[in-house]
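Coordinate analysis (summary)
One-letter residues, chain by chain:
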Amino acid sequence: MTRQYYLFFLSIDAVFLAFIIFAHSLLWTLLWLLLQLRIWKLKRKVIFAINLLFCLIWASYLILWQNNMQNKTLNNEIEVNQMGVLLEPDDYTISGDLLKFTGKSLSKKQRILVYYRFKTEEEKKQFAKIQTAAFVQISGKMNGIRGPTNENEFDFRQYMAGKNVFNQLQAKQIKAFTKFQRNTIFSFFHSLRKKIIDYLDMMPQPLGWFIQVLLIGYQSENFQDSMDQINKLGLLYLFTLSGMHVYYLISIVRYVTRKFWVTKETADLILLFLLPIYGIIGGGSLGLLRSLSMSWLHIFSSRCGSWKMSGIETWSFVLLLNLLITPMAVFSLGAQLSYLLTLILMFSQEKDQFLIGAKMGGFTLPLVLWHVFTWNIWTIPLSILIGPFFDWIIFPVVVIGFIFVPFRPICNAILVLVQHFFAWGASVPGTIIFGKPPLIFIFIWLGSMLWLEVSKKKKMKIFYILISYLLAFCWIHFPFESEVTYFDIGQGDCSLIKTKFNRDVFLIDTGGRLSFNTQKWQVRNSRTNGETVVVNYLHSKGISRIDRLYLTHQDTDHVGNFPSISQNIKIKRLYLPAGMEKLASFQNRLRNSKIKPQVVTPVTDQTSEFPIQILHPFESGAGKNEDSMVLLYRMSGQHFLFTGDLDQVNELKVIQKYPTLTADVMKTGHHGSKTSSAPTFIEHLNPKLAIISAGRNNRYGHPNAETLATLKKNKVPFVITAQSGMIKLKADRRKKLKIETFDQTDIKEKKEKNEGSTDH
């Protein structure tokens, strides 16, 4: 037995050693190639090779380690009672009645994400007064942070994993002990940051908001619209605390100390003390910490060490620390751009601002398209033009307005004009909906940019790069398959139909968040899942318009998102059941959208000449469940039926009027409620597959057991969005349907458990 263990561990060591030797050989080969191309100096090759080697080994090891953090991530929901959590005063945010913060669990020794809904406005006001570290007792339900359930949806789980947070707690009761004392230097600066935030909230706006963003890395909820406009123009990096802001801080400190006859050596010692403090007050974002760490190491090695570290050495060392502490953070767009742009600037020898901007744009564009799917053609020229304007106008105005009270009205007036400029710029056409490129293109483009750096015939190489972008664009925008997609939109309905080459794009319902008797203090300022799920997916597929939007009836969970979707996607025509256009609720939503009233068309089953056949309503109504639109779509010889929230009585009326009606795939009415899906209706349609759109843990108990029993009795396989996430149906060359779910393991279980096959 001892010999077996010995051989087992010896084999593991051999494999690990082989991996290190292989990685080391690759790195030295790459290093030799780069040295031959004279990209950097020979005398630094040893330290750089070692740093790259360790970065590669630790990145590989820690990514695997991070993906196997099951011992810290909860797989099942558990009840917690009076769990002690340490809360720093600047770590919580309040939006409407929702409290969200990340605190350290004293019992589980890990940071957790906490959500809590205030029960009263007074409770909200009391919590907002917390300005020192607090001990919080929480009771509620705790589980692992859920990942995305739709294709190309923002991966919040991975984002929080980049902060080493793996679990979330839905609090039912929360009690904060503000007299709790945590006498540490970190808590002092967290409290100071909170007081600065509150002080800036009382200043003239938008001056206070600009100061919050540019000096302490805090974004006010009221400044969200301006930040969205800045982001649309591709200038968000200017308003994210990073190397540029650290450069300003160091320059200001050195300028002030020089005026007071302080030596440069003493000024550097002051900076070694101030930089870590600014890291806390600035919010501790990854870009800020990277820049602060590099600056701190450079100053420290210059003044306190025997070997002054170069820029590439500090860059490598900080990246290594990042991989050690928060390895998942490097998968975020912010981290990738922060490290990449810094590396480009260090090696860039051009002095022409246009060439530098073009080079940075060329390197960052692949990453932006991979994460965001869109690109603004004005980003590069604006980056070149607004750089000096930011350096000489915006940032000095912010600093002067923060320090000198008498100048605040003038500074605020200037920033109002700046705000109007960004709003105007965001309204100018120029955003290209490119889509999400295949991963192979990302590597090709980044490799091509490196190739361009050392190539002599640059014009021909640029031509090849542009051709590759054109190929990727065509690959995304002209798919060879038609597709019917059912979004996991929570407790709601939203389905997408797009034909081959994206010739036609139809959306049936939009989803929407239900609210019950919401008071003004409870209203949240947040993006709808119409934007985060539907628009995101459409953009990732290169789609910038919806040819026809069908709203089956008036319920918010079916139509609530159409105003927000219309702000980002052009909607050419809107169809709704006759009579619904007269409702005040619909008219209010229409006014908040970008849809013109003349493109709204009320319909009944008498309407003809549509790619999608309308089977119901038979006459004008009030847009209620019984007036729901019933739609029939044909794709590759397969029939898809959509019934909104139609009740059983009207389901029977539909098959009475259309006795030959059948459906290969049907979306069950009313989210699987027992008020729909009449046994006679299901038996008559004889579907081969049923789709149920329902939210996880919804308060209505959808889908109902009675509906599931009806489907099983008729031997109809079913898939539920609450379990499977997004559901996609495509027709292959033999006109057989292929079903794909976001959770592929779920559909395998369905094939085994349900009678019949999902391929038919």
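How each quantity is defined
- Residues numbered from 1 in each chain as written.
- Predicted model: local features only at pLDDT ≥ 70, side-chain atom pairs only at ≥ 80, totals over all residues.
- Heavy atoms only, no water.
- Helix = DSSP H or I, 4+ residues; strand = E, 2+ residues; numbered from the N terminus.
- Contact = heavy atoms within 4.5 Å.
- Pairing = 2+ DSSP bridges.
- Buried < 20%, exposed > 50% of the residue type's maximum accessible area, 1.4 Å probe, protein only.
- Axes fitted to C-alpha atoms, helices over the stretch in contact; angles between N-to-C directions.
- Parallel < 35°, antiparallel > 145°, perpendicular 65-115°, else oblique.
- 1 Å grid on protein atoms, 1.4 Å probe; cavity = no way out; pocket = protein on both sides within 12 Å on 5 of 7 lines; lining within 4 Å.
- Points joined across faces, edges and corners; volume = space filled by probe spheres on them.
- Nonpolar A, V, L, I, M, F, W, Y, C, P; charged D, E, K, R; others polar.
- Patch = residues over 30% accessible without salt bridge, like charges linked within 9 Å, V, L, I, M, F, W, Y side chains within 5 Å.
- Areas by Shrake-Rupley, 256 points an atom, 1.4 Å probe, with all protein chains shown as cover.
- Salt bridge = Lys/Arg side-chain N within 4 Å of Asp/Glu carboxyl O.
- Lys, Arg positive; Asp, Glu negative; His and termini not counted.
- Charge placed at Lys NZ, Arg CZ, Asp CG, Glu CD.
- Core = buried A, V, L, I, M, F, W, Y, C linked by side-chain atoms within 4.5 Å.

1. Some details on the environment of Ile508
Mapped onto the secondary structure, Ile508 falls in strand 11 (residues 505-508). Through-space distance from the C-alpha of Ile508 to that of Leu496 is 6.3 Å; in sequence the pair is 12 residues apart. Setting aside residues no more than four positions away along its own chain, Ile508 makes contact with Asp493, Cys494, Ser495, Ile497, Tyr550, Thr552, Leu631 and Phe642.

2. Points about the pairing of strand 1 (residues 78-87)
The pairing of strand 1 with strand 5 (residues 134-144) spans 8 bridges and is classified as antiparallel. Paired with Leu87 across the two strands is Ala134, which belongs to strand 5. Bridge analysis of strand 1 against strand 3 (residues 98-105) gives 2 bridges, and the strand direction is antiparallel. Residue pairing in the sheet places Leu86 in a bridge with Lys104 of strand 3.

3. Brief notes about the side chain of His558
With respect to the helices and strands, His558 occurs in helix 19 (residues 556-559). We classify His558 as buried; its relative accessible area is 0%. With sequence-adjacent residues up to four places away left out, His558 is seen in contact with Asp493, Asp509, Thr510, Gly511, Leu551, Thr552, His553, Gly644, Asp645 and His671.

4. Regarding the packing of helix 6 (residues 207-216) against helix 14 (residues 379-403)
Orientation of helix 6 relative to helix 14, taken along the N-to-C sense of each, is 110 degrees, at an axis distance of 9 Å. Classified by the angle between their axes, helix 6 and helix 14 sit roughly perpendicular to one another. Facing Leu207, Phe210, Ile211, Leu214 and Leu215 of helix 6, the residues of helix 14 in contact are Phe390, Ile394, Phe395, Val397, Val398, Gly401 and Phe402.

5. Notes on the sheet that holds strand 13 (residues 570-577)
Spatial strand order, 14-13-12-11-10-9-21-22: 8 strands in an open sheet with mixed pairing. The two strands at the open ends of the sheet, each matched to only one other strand, are strand 14 (600-603) and strand 22 (737-741). Across the sheet, the mean angle separating the axes of adjacent strands is 20 degrees when strand polarity is ignored. In this sheet, strand 13 lies alongside strand 12 (residues 545-550) in parallel orientation, the contact comprising 5 bridges. Within strand 13, the position partnered with Leu549 by the bridge is Leu574.

6. As for empty space enclosed by the protein
Per the stated rule, a full pass over the model turns up 1 cavity of 30 Å³ or more. What the largest cavity holds in volume is close to 30 Å³. What lines the largest cavity is Asp493, Cys494, Ser495, Ile508, Asp509, Thr552, Gly644 and Lys667. In the lining of the largest cavity, the residues fall into 2 nonpolar, 3 polar and 3 charged.

7. Digging into a positive patch on the surface
Side chains of Lys104, Lys109, Arg111 and Lys163 sit close together on the surface and give a patch of like positive charge. Tracing the backbone through its elements, the reader meets Lys163 in the loop between helix 4 (156-161) and strand 6 (167-177). The exposure class of Lys163 is partly exposed, given its relative accessible area of 43%.

8. As for the nonpolar core
Nonpolar side chains in soluble globular proteins tend to be buried together. Phe210, Leu235, Phe239, Phe390, Leu415 and Phe422 are the most contacted members of the largest nonpolar core, which totals 36 residues. Elements supplying a minimum of two residues to this core: helix 5 (185-201), helix 6, helix 7 (224-232), helix 9 (264-281), helix 14 and helix 15 (408-427). Core analysis: the second largest hydrophobic core is formed by 29 residues, Leu507, Ile543, Leu574 and Val599 among them.

9. Quick notes on the layout of surface pockets
Estimates place the volume of the second largest pocket at around 530 Å³. Surrounding the second largest pocket, 20 residues form its lining, Leu215, Leu249, Ile252, Tyr278 and Phe402 being those nearest its centre. Elements with a contribution of two residues or more to the lining of the second largest pocket: helix 5, helix 6, helix 8 (243-259), helix 9 and helix 14. By residue class, the composition of the lining of the second largest pocket is 19 nonpolar, 1 polar and no charged.

10. Quick notes on the environment of Tyr658
Within the secondary structure, Tyr658 sits in the loop between helix 22 (648-657) and strand 18 (665-667). Between the C-alpha atom of Tyr658 and that of Leu615, which follows or precedes it by 43 residues, the distance is 8.2 Å. Not counting chain neighbours up to four residues away, the residues in contact with Tyr658 comprise Asp605, Gln613, Ile614, Leu615, Phe618 and His684.

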